Amino acid sequence: MTNVIDLKRARDDKNADKDQEFIDFILSQPQTMTAEQCSQARGILGWSQEALAFRSGASVLAISQFETGTRLLRDVTKQAIVFALEAEGLMLIPGHPPMRGENVRGMTPNPRNGKNFHLVE
């Protein structure tokens, strides 16, 4: 008996593995949002620190101290903030000010589904 191999399915499976590897790679990268980008993004959206805190789950104190440079944030806290900003159509690219993107959903996954969301500051 010979084994029949479905080439289309084999290619799809191989591409799915590559896609998942890429997604895993992106998710493993630390959030690189700067304090200046955070403040600028809030300005674009017309949000106060309180509004960003409400939408992200981060504390007002953490956002305030991050923006003034007196505090570094945990990656999960930055992820929560970036997710909230990207959900409003903003793009955060390292080395550039935040900008609106057309039909942008964002790359940052919802941190509320993560195992360490309870660590958000």
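Parameters and conventions
Residues numbered from 1 in each chain as written. Predicted model: local features only at pLDDT ≥ 70, side-chain atom pairs only at ≥ 80, totals over all residues. Heavy atoms only, no water. Helix = DSSP H or I, 4+ residues; strand = E, 2+ residues; numbered from the N terminus. Buried < 20%, exposed > 50% of the residue type's maximum accessible area, 1.4 Å probe, protein only. Contact = heavy atoms within 4.5 Å. Areas by Shrake-Rupley, 256 points an atom, 1.4 Å probe, with all protein chains shown as cover. Core = buried A, V, L, I, M, F, W, Y, C linked by side-chain atoms within 4.5 Å. Patch = residues over 30% accessible without salt bridge, like charges linked within 9 Å, V, L, I, M, F, W, Y side chains within 5 Å. Salt bridge = Lys/Arg side-chain N within 4 Å of Asp/Glu carboxyl O. Lys, Arg positive; Asp, Glu negative; His and termini not counted. Charge placed at Lys NZ, Arg CZ, Asp CG, Glu CD. Arc of directions from axis to C-beta. Axes fitted to C-alpha atoms, helices over the stretch in contact; angles between N-to-C directions. Parallel < 35°, antiparallel > 145°, perpendicular 65-115°, else oblique. Left-handed = near helix turned anticlockwise from the far one by under 90°.

Enquirer: When you look at the overall build of the protein in this model, what are you seeing that I'm missing?
Expert: If you tally the helices and strands in the protein, you get five helices and two strands. Each of the 121 residues in the protein was classed as buried or not, and the buried ones make up 31%. A separation of at least 24 residues holds for 64% of the contacts in the protein among residues at least 6 apart in sequence. Within the structure as shown, the protein displays about 8300 Å² of accessible surface, and the carbon and sulfur contribution to it stands at 53%.

Enquirer: Explain the nonpolar core to me, please; I cannot follow it from the model alone.
Expert: Buried together is how nonpolar side chains tend to be arranged in soluble globular proteins. Ranked by size, the top nonpolar core spans 23 residues in total, and within it M33, L52, I81 and L85 carry the most contacts. With six residues, helix 5 (residues 75–86) is the single largest residue contributor to this core. Residues contacting L52, with those up to four places away along its chain left out, are C38, R42, W47, I63, I81, A84 and L85.

Enquirer: What is the right way to look at a negative patch on the surface in this model?
Expert: On the surface, a cluster of negative charge is contributed by D6, D13, D17, D19, E21 and D24. Considering the arrangement of structural elements, one finds D17 in helix 1 (residues 7–28).

Enquirer: Hey, could you run me through helix 2 (residues 35–45) in this one?
Expert: Along helix 2, the residues that are buried comprise Q37, C38, A41, R42 and L45. Projected down its long axis, helix 2 carries its buried residues within an arc of 135°, all on one side. Every exposed residue of helix 2 that faces more than 90 degrees away from the buried side is listed here: E36 and G43. Residues of helix 2 that are buried in the fold lie against helix 3 (49–56), helix 4 (60–68), helix 5, strand 1 (90–91) and strand 2 (99–100). Looking one or two residues past helix 2, G46 carries a phi angle of roughly 70°, positive in sign.

Enquirer: Looking at this model, I keep getting lost on the pattern of salt bridges. Mind explaining?
Expert: Note that side chains of opposite charge can pair when their charged atoms are close. All chains considered together, the criterion is met by two salt bridges. With a shortest N-O distance of 3.3 Å, R71 and E121 are connected by a salt bridge. Highlighted residues: R71 in the loop between helix 4 and helix 5 and E121 in the segment after strand 2, separated in sequence by 50 residues. You can call E121 buried: its relative accessible area is 18%.

Enquirer: Quick question: what am I supposed to make of the packing of helix 3 against helix 4 here?
Expert: In a packed pair of helices, the relevant descriptors are the angle between the two axes and the axis-to-axis distance. Taken N-terminus to C-terminus, the directions of helix 3 and helix 4 make an angle of 120°; their axes are 8 Å apart at the nearest point. Judged by the inter-axis angle, helix 3 sits oblique to helix 4. Helix-helix and strand crossings are classified by hand; for helix 3 and helix 4 the assignment is right-handed. Within the contact between the two elements, helix 3 uses Q49, E50, L52, A53 and S56 and helix 4 uses V60, I63, S64 and E67.

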